[in-house]
Amino acid sequence: MTKQLLFLVRHGQTELNVADKLQGWIDSPLTAEGMKSARQLSHMLRKVDFAAAYASDLERQQVTARLILQKHPETILHVNTGLREMYFGALEGQPMRRVFIEIVRRYGLRTARNLYAGDGNIMAMTNSFAALDSTDQAEDYRTLQQRMTTTMQHICDQNEDGNILIVSSGLSLSNYLYGLDRSVINGHLLDNTSVSLVDVEDGVPTVLAVNLTSTRDLTNILKETNTITD
């Protein structure tokens, strides 16, 4: 029986996060706060034995992963482009305020507020972004869900038992988790440098925790799963 524990981490805060702009496949450097929180997470995960680590080719994911692995110098960081953020097409780099106004024009204020105030769901949010893309190239929920599921399966197939660090982005990880268990993700995206845990036994994934940001909460569940002993 193969048993793996996936540590799904959203990258650290970036300059475009602070500017409240959509990133997607364009890149933005981590802020000082983003690098600080990644180093703090490295300390929080210092007792975890990682069998492997993965991130996409995007700089914000790469830098976050390398900062976390400072406490794990023997763990190899692998590049997998399937871990990129959702592709937003013509919306990439656009201010969220402008996108929100377009959502209001198309769907009405009540629906727009529900989508982006946490009362909606990740599927509807993702599809609303895709619907606004004038190039018709943005990924919708089904496309993004398929990409992330295939990527995670590939990563698991490449490894035996053990803990695997996977650094990706907010909407991509939220879509993946939502596909596994719709009750664990609402309209709010995962926080920067948050940890979500997925247990995989013989290829079957089960969500254990989502959006962990505090040392206490993360330590408690790692002890419960016998990932660390003290």
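So, a few notes on the structure that sits alongside this text. (Residues numbered from 1 in each chain as written. Predicted model: local features only at pLDDT ≥ 70, side-chain atom pairs only at ≥ 80, totals over all residues. Heavy atoms only, no water.)

Topic: helix α4 (residues 96-107)
In a regular helix each residue adds 1.5 Å, so twelve residues correspond to 16 Å; α4 covers 16 Å between its end C-alpha atoms and thus fits that length. When we look at burial in α4, the residues that qualify are Met 96, Val 99 and Ile 103. Projection of α4 onto a plane perpendicular to its axis shows the buried side chains occupying an angular sector of 60°, all on one side. Of the exposed residues in α4, those oriented more than 90 degrees away from the buried face are Arg 97 and Arg 105. Just past α4, the residue Gly 108 takes up positive phi, approximately 100°. (Helix = DSSP H or I, 4+ residues; strand = E, 2+ residues; numbered from the N terminus. Expected span 1.5 Å × (residues − 1). Buried < 20%, exposed > 50% of the residue type's maximum accessible area, 1.4 Å probe, protein only. Arc of directions from axis to C-beta.)

Side note on the side chain of Ser 196
Inspection of the secondary structure assignment puts Ser 196 in strand β5 (residues 195-201). Given a relative accessible area of 0%, Ser 196 falls into the buried group. In terms of polar contacts, Ser 196 uses its side chain to reach the backbone amide nitrogen of Asn 211, at 3.0 Å. (Polar contact = N/O pair within 3.5 Å; in protein donor to acceptor, adjacent residues only side chain to side chain.)

Side note on the nonpolar core
Across soluble globular proteins, you tend to see nonpolar side chains buried next to one another. Core analysis: the largest hydrophobic core is formed by 36 residues, its most contacted members being Leu 6, Leu 8, Val 99, Phe 129, Met 152, Ile 166 and Val 198. Broken down by element, the residue count for this core peaks at six residues, all from helix α7 (residues 141-158). With residues near it in sequence (within four places) discarded, Val 198 still touches Gln 4, Leu 5, Leu 6, Leu 8, Tyr 176, Leu 177, Leu 180, Pro 205, Thr 206, Val 207 and Leu 208. The next biggest cluster of nonpolar side chains, apart from the first, holds 23 residues, and it includes Val 48, Ala 53, Val 167 and Ala 209. (Core = buried A, V, L, I, M, F, W, Y, C linked by side-chain atoms within 4.5 Å. Contact = heavy atoms within 4.5 Å.)

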